[in-house]
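Take a look at the letters that make up each chain.
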Amino acid sequence: MTANNPKTFHHKKKFGQNFLSDKNIIKKIVAQANLNENEAVWEIGPGLGILTEEILKFTNDLTVFEIDRELYPHLETKFADKIKLVKADVLRTDWSELLSQKTKIIANIPYQITSPLLFRISEHADFFSKIVLMMQKEVADRITASRGTKDYGALTLKMNYHFVPQKLFTVKPHLFYPPPKVESTVIEFIPRKDKPSIENIEAYWKLIEFCFRNRRKMLRRNLRTLFPDTSSEVFETLTSIDLSRRGETLSEEEFIILHNSLSSI
Ligand code: SAM
């Protein structure tokens, strides 16, 4: 079947194909990116190109990543050489080969790849000057969660380390075709200017991952899982952080203190 009409196109659930059908929302999303002429933009998952069309009103340097080969003929006919179409899974593409300048991302992202996509974005964070994403409301809530709440976790700390995330507005399911089961949120990410420098950042993220692995457990217990050869007494002597606390009560600053104090283990 040719892909040109959202109602007749056979939507594939496995690719998270909930296409936007509301022109006003599309305009609002693209306006939020404040595109300057000829600025490099990435769109992840153009689908039938409804967002793509709006982005092209502002720039002619647009790269789109689409996994569904059924959509390629349609995108090629509709946009020809106005877009660079990367016919691939965005998560299996080598981003460092494609990123050579500051780039903005605008996307209604396929929900099933949200977490790996966000982690991939954070790995290349320095290249992105602004990101505007539509995602499940529940994930946007986790990204913007306050310390001490159930939503606060590794994703919150990671995205807030690289960016200043801000929820913009929610979008009801009936504004998509087919409608998704959950509400969506448009969220923007602006690069953070006061990013603290952290030695051995990989170990820092690993520490955070372990501190949230068992959310109900005290830090002491989760640290024992991360460092099985080290006794609780050693942790206590190394750090000023109270290890009877739970990970979800620690701020970024406190995680950095904890990380630095355990660096000799
Ligand atoms: N941008 C369109 C819109 O707003 O109507 C479509 C958005 S739809 C939620 C997600 C799109 O991402 C689909 O076109 C889907 O085929 C594509 N997609 C899903 N997984 C992908 C992946 N791993 N890499 C690239 N594109 C993907």
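Notes on the structure in this doc start here. (Residues numbered from 1 in each chain as written. Predicted model: local features only at pLDDT ≥ 70, side-chain atom pairs only at ≥ 80, totals over all residues. Heavy atoms only, no water.)

**Here we look at the packing of aromatic side chains**
As enumerated under the stated definition, the model contains eleven aromatic pairs in all. Their ring planes at 20° and their centres at 5.7 Å tell us that Phe9 and Phe19 sit as a pair that is stacked. Placement of Phe9 in the segment before β1 (19-20) and of Phe19 in strand β1 is noted, with a sequence separation of ten residues between them. Each member of the pair, Phe9 as well as Phe19, is classed as buried. Note on Trp95 and Phe128: the rings are 6.2 Å apart at their centroids and 90° apart in plane angle, and the pair reads as edge-to-face. Of this pair, Trp95 sits in helix α4 (residues 95-98) while Phe128 sits in strand β6 (residues 128-136); the two residues are 33 residues apart in sequence, bridging distant segments of the chain. (Phe/Tyr/Trp six-rings, centres within 6.5 Å; stacked < 30°, edge-to-face > 60°. Helix = DSSP H or I, 4+ residues; strand = E, 2+ residues; numbered from the N terminus. Buried < 20%, exposed > 50% of the residue type's maximum accessible area, 1.4 Å probe, protein only.)

**Examining the site of the ligand**
The full set close to the ligand counts 24 residues, and Leu20, Gly45, Glu66, Asp89 and Asn108 are the nearest of them. Interatomic distance of 2.8 Å between a backbone N/O atom of Leu20 and an oxygen atom of the ligand. Residue Pro46 places a main-chain N or O atom 3.4 Å away from a nitrogen atom belonging to the ligand. When the ligand sits alone it has 590 Å² of accessible area, and the protein chains cover 99% of it. (Near = heavy atom within 4 Å. Polar contact = N/O pair within 3.5 Å; in protein donor to acceptor, adjacent residues only side chain to side chain. Areas by Shrake-Rupley, 256 points an atom, 1.4 Å probe, with all protein chains shown as cover.)

**Concerning helix α1 (residues 23-32)**
Within α1 the residues assigned to the buried category are Ile25, Ile26, Ile29 and Val30. Along the axis of α1, the buried positions cluster into a sector of 130°, meaning they face one direction only. Away from its buried face, by an angle of more than 90 degrees, α1 presents the exposed residues Lys23 and Asn24. Packing partners of the buried residues in α1 comprise β1, α2 (50-55), β5 (103-108), β6, β7 (163-171) and β9 (184-191). Where α1 begins, one side-chain oxygen reaches toward the backbone nitrogen of Asn24, 3.0 Å away; that side chain belongs to Asp22. (Arc of directions from axis to C-beta. Contact = heavy atoms within 4.5 Å.)

**What about the environment of Ile44?**
Structurally, the position occupied by Ile44 is in strand β2 (residues 40-44). In this structure, the C-alpha to C-alpha distance between Ile44 and Leu117, residues 73 residues apart in sequence, is 9.7 Å. Discounting residues that sit within four places of it in the chain, Ile44 has contacts with Phe65, Val90, Ile105, Ile106, Ala107, Asn108, Pro110 and Leu117.

**Looking at the nonpolar core**
Counting residues in hydrophobic clusters, the biggest one holds 29 residues, and the most contacted among them are Ile25, Ile29, Ile55, Ile106, Met134 and Val171. Of all the secondary-structure elements, those providing two or more residues to this core are β1, α1, α2, β3 (61-66), α3 (72-79), β6 and β7. In terms of residue count, the dominant contributor to this core is α1 (four residues). When sequence neighbours within four positions are dropped, the list of residues in contact with Ile55 reads Val30, Leu35, Val41, Glu43, Leu62 and Ile106. With 27 residues, the next largest nonpolar core counts Ile105, Ala107, Leu118 and Phe189 among its residues. (Core = buried A, V, L, I, M, F, W, Y, C linked by side-chain atoms within 4.5 Å.)

**Some words on the pattern of salt bridges**
Applying the stated criterion to the full structure yields 23 salt bridges. The salt bridge involving Glu39 is made with Lys104; its shortest N-O contact spans 3.1 Å. In this pair, Glu39 sits in the loop between α1 and β2 while Lys104 sits in strand β5, placing the two residues 65 residues apart along the sequence. Across the salt bridge formed by Glu54 and Lys57, the nearest N and O atoms sit 2.7 Å from each other. (Salt bridge = Lys/Arg side-chain N within 4 Å of Asp/Glu carboxyl O.)

**Remarks on the pairing of β6**
Counting buried positions along β6 gives eight out of nine residues, so the element sits mostly inside the fold. As judged from the six bridges shared by β5 and β6, these two strands associate in the parallel manner. Directly across from Ala107, in β6, lies its bridge partner Leu133. Between the parallel pair β5 and β6, the chain is carried across by helix α5 (residues 114-123), and the sense of this crossover is right-handed. Alignment of β6 against β9, held across six bridges, turns out to be antiparallel. Looking at β9, one finds that Met135 is bridged to Thr185. (Pairing = 2+ DSSP bridges. Right-handed = clockwise from strand over helix to strand, strands pointing away.)

**Side note on the sheet that holds β7**
Strand order across the open sheet formed by seven strands is β4-β3-β2-β5-β6-β9-β7, with mixed pairing between neighbours. Because the sheet does not close on itself, it has two edges, and the strands there are β4 (83-87) and β7. In this sheet, neighbouring strand axes are inclined to one another by 20° on average, regardless of whether the strands run parallel or antiparallel. Relative to β4, α3 is tilted by about 170°, and along the sheet it contacts β3 and β4. Here helix α7 (residues 154-162) sits on the sheet in contact with β7 and β9, set at roughly 115° to β7. (Axes fitted to C-alpha atoms, helices over the stretch in contact; angles between N-to-C directions.)

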